[in-house]
Amino acid sequence: MEIEGAIQDFSAGSQHTFFIEEGGTAYAAGFVESDFGYRGHLGVGEIEDCKNDKNKLCEGENDPLTIKTVIDPSGEKLDAPPFKRVYAGVGIPADSGEMHSVLIAQNGKVYITGNNNKGQLCLGDDKIEYVDEFHEVSGIPGRARAAAVGDEFTLILTEDGEVWGCGSNEVGQIGQGDNTDYSNKPVRIKELTNIIDLSTGLSFAIFLEEKGRVWGTGSNLYGQLCGFTGGEPRVNVREIVIEDAGVITQVETNRESSYFLFDDGEVRSCGRNDEGQLGNGNSINTSEKDPIVKVNLNKIVRRIGSGPSSQSVFFIGDKKVYASGLNDRFQLGINEIGSRETPVMVEFKCDVDIEFVSSSGSHTVANGIYLNC
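Residues numbered from 1 in each chain as written. Predicted model: local features only at pLDDT ≥ 70, side-chain atom pairs only at ≥ 80, totals over all residues. Heavy atoms only, no water.

Draft legend 1. A look at the overall build of the protein. For the protein, the count of helices and strands is zero helices and 28 strands. Rg of the C-alpha trace for the protein: 19 Å, near the compact-globule value of 21 Å for 373 residues, within the 12% margin. Referenced to the eigenvectors of the C-alpha coordinate spread, the extents of the protein come out at roughly 55 × 55 × 35 Å. The burial tally for the protein puts 54% of its 373 residues in the buried class. With an accessible surface of roughly 16,500 Å², the protein has 43% of that area assigned to carbon and sulfur atoms. The protein carries 33 positive and 58 negative side-chain charges, and their two centres are separated by 3 Å. (Helix = DSSP H or I, 4+ residues; strand = E, 2+ residues; numbered from the N terminus. Rg over C-alpha atoms; globule rule 2.2 N^0.38 Å. Buried < 20%, exposed > 50% of the residue type's maximum accessible area, 1.4 Å probe, protein only. Areas by Shrake-Rupley, 256 points an atom, 1.4 Å probe, with all protein chains shown as cover. Lys, Arg positive; Asp, Glu negative; His and termini not counted. Charge placed at Lys NZ, Arg CZ, Asp CG, Glu CD.)

Set out below in structure tokens:
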């Protein structure tokens with residue numbers, strides 16, 4: 001599907017997609033298997049008894065629905081503000097139920113919807129099982145710059161470089177040590193300052209500091225924090241040191257793998273590699289001997305795209321995009337099924353200028369323009 005008009009932001013989740021038009025209007029589209037299992041991650045209200053009504057949320061496939069209203073901290077329903085950033089729900093490819101999603105408004109306020117079994121909605125109330133409309137998050141000082149959604153946890157980056165988290169901390173996902181199982185309200189990760197970028201996988205997170213230092217916390221079962229711990233998690237934030245490398249300009253993650261883009265266009269990766277998602281030409285996870293590897297791509301990369309539900313990764317260059325990893329549903333954008341261990345060129349109809357790519361376990365979304373078609 002191609003959407004006409006300028007898109008400000010978008011995010012691919014498990015069997016659903018969010019996008020924000022240039023004016024700030026947000027939309028949600030996707031598949032809902034059943035009313036019984038749905039926990040509100042699309043944020044457009046409850047499932048209605050409808051059949052082929054494109055203006056209502058129904059079981060089955062849903063065309064884009066406008067997010068028209070939000071709930072403020074007092075419980076009052078208001079017209080939705082203009083939004084600038086969106087982060088879709090995280091789950092396995094077949095999941096269409098127990099997830100949560102985040103929107104950031106142009107005024108820096110954070111809104112959240114969906115499942116709340118571990119307090120991942122940051123609403124401070126354990127009695128809330130889920131919500132099906134976007135609720136404003138309070139308790140975060142200042143304006144939000146970005147956010148990241150994992151499985152049962154949420155991270156929020158403020159404009160002054162602080163990181164706040166809520167939800168599960170069972171393996172250190174929100175960096176609160178080994179005495180906190182979860183938090184139902186935002187808590188600050190005190191070790192982090194001057195953060196400019198962050199990214200989450202299923203149960204871990206990576207952070208980029210203004211001066212190029214990188215930090216990580218959470219699960220390290222597959223070495224996705226680029227250091228050997230015997231599979232044990234890091235429950236506090238620790239620095240990730242990458243030797244003999246330039247300045248890191250972007251961090252990206254997917255389910256259990258991490259990626260680092262350097263100022264010279266080189267990319268390195270670590271973690272799980274069973275589908276070739278590290279892009280280094282094999283399917284071997286990184287190890288104590290080789291904690292981080294180089295992506296086997298002799299091209300200058302401008303940006304990396306993936307997502308916390310994904311086992312695929314995309315390397316955006318000038319006029320071309322390359323991809324590796326899981327490809328059981330054609331999610332690499334090539335005309336063949338089958339995972340790729342070495343990056344292959346995505347098959348657009350001509351040269352492209354791609355700005356962002358977002359992928360989940362079920363599909364991939366990209367925005368940009370065609371060149372010379």
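Text resumes after the structure shown.
Draft legend 2. Examining the pattern of salt bridges more closely. Applying the stated criterion to the full structure yields 16 salt bridges. Across the salt bridge formed by E266 and R268, the nearest N and O atoms sit 2.9 Å from each other. Taking the shortest distance from any N to any O, the salt bridge between D351 and K320 comes out at 2.8 Å. Taken together, the positions of D351 in the loop between β26 (340-345) and β27 (352-359) and K320 in the loop between β24 (312-316) and β25 (321-325) put the pair 31 residues apart, joining distant regions of the chain. (Salt bridge = Lys/Arg side-chain N within 4 Å of Asp/Glu carboxyl O.)

Draft legend 3. Structural detail: the pairing of strand β3 (residues 26-32). Burial analysis of β3 places six of its seven residues in the buried class, which makes it a mostly covered element. Of the pairings in the sheet, the one linking strand β2 (residues 16-21) to β3 comprises five bridges and is antiparallel in character. Looking across to β3, one finds that H16 is bridged to G30. Remark: four residues form the turn of the hairpin made by β2 and β3, two consecutive strands paired antiparallel; G24 in that turn has positive phi of roughly 105 degrees. The pairing of β3 with strand β4 (residues 60-66) spans five bridges and is classified as antiparallel. By the bridge assignment for β4, Y27 is matched with T66. (Pairing = 2+ DSSP bridges.)

Draft legend 4. A look at the packing of aromatic side chains. Counted under the stated rule, the structure contains three aromatic pairs. Ring plane angle 75 degrees and centroid distance 6.1 Å describe the contact between F18 and F134, whose orientation is recorded as edge-to-face. With a gap of 116 residues between them, F18 in strand β2 and F134 in strand β10 (residues 130-136) connect regions that are remote in the sequence. Judged by relative accessible area, F18 falls into the buried class, the value being 0%. Classification of F134 as buried rests on a relative accessible area of 0%. On the basis of an interplanar angle of 15 degrees and a centroid distance of 5.0 Å, the ring pair of F19 and Y27 is categorised as stacked. (Phe/Tyr/Trp six-rings, centres within 6.5 Å; stacked < 30°, edge-to-face > 60°.)

Draft legend 5. Representation of the sheet that holds strand β19 (residues 248-253) within the structure. Judged by pairing direction, the sheet is antiparallel, and its four strands sit side by side in the order β19-β20-β21-β22 without closing on themselves. The outermost strands of the open sheet, each flanked by one partner alone, are β19 and β22 (293-294). As paired elements, β19 and strand β20 (residues 257-262) share five bridges and run antiparallel to each other. Its bridge partner being in β20, E252 is matched across the sheet by Y259.

Draft legend 6. Looking closely at the environment of N282. Within the secondary structure, N282 sits in the loop between β21 (267-271) and β22. Each C-alpha atom of the pair N282 and D160 lies 40 Å from the other, and the pair is 122 residues apart in sequence. Once you skip the residues sitting within four places of it in the chain, N282 turns out to touch N273, G276 and E341. At 3.4 Å, the side chain of N282 forms a polar contact with the side chain of N280. One polar contact links the side chain of N282 to the main-chain amide nitrogen of I284, over a distance of 3.0 Å. (Contact = heavy atoms within 4.5 Å. Polar contact = N/O pair within 3.5 Å; in protein donor to acceptor, adjacent residues only side chain to side chain.)

Draft legend 7. Summary view of the sheet that holds strand β12 (residues 153-158). What the four strands build is an open sheet, ordered β11-β12-β13-β14; its pairing is antiparallel. Two strands in the sheet have a free side with no partner beyond their single neighbour: β11 (144-150) and β14 (182-188). Taking the axes of each pair of neighbouring strands and ignoring which way they run, one obtains an average angle of 10 degrees across the sheet. (Axes fitted to C-alpha atoms, helices over the stretch in contact; angles between N-to-C directions.)

Draft legend 8. Representation of the state of the cysteines within the structure. Inspection of the entire model under this criterion finds four disulfides. The side chain of C226 participates in a disulfide bridge whose partner is C270; the two sulfur atoms lie 2.0 Å from each other. One quick way to see it: the torsion about the S-S bond of C226 and C270 is about -70 degrees, and its sign makes the bridge left-handed. On the criterion of sequence distance, the pair formed by C226 in the loop between β17 (214-218) and β18 (234-240) and C270 in strand β21 is long-range, its members being 44 residues apart. (Disulfide = S-S within 2.5 Å.)

Draft legend 9. Representation of the environment of I337. Turning to its location among the elements, I337 is positioned in the loop between β25 and β26. With eleven residues separating them along the chain, I337 and L326 place their C-alpha atoms 9.1 Å apart. Once you skip the residues sitting within four places of it in the chain, I337 turns out to touch N327, D328, R329 and F330.

Draft legend 10. Here's a closer look at the pairing of strand β16 (residues 204-209). Among the six residues in β16, six count as buried, and that is most of the element. Side chains F204, I206 and L208 project from β16 onto one buried face, and the interleaved A205, F207 and E209 project onto a second face that is buried too. With five bridges connecting them, strand β15 (residues 195-200) and β16 associate as antiparallel partners. By the bridge assignment for β16, D197 is matched with L208. Between the end of β15 and the start of β16, which pair antiparallel, lie three residues. Relative to β17, β16 runs antiparallel, the two being bridged by five bridges.

Everything listed is a geometric property; what it means functionally is a separate question.
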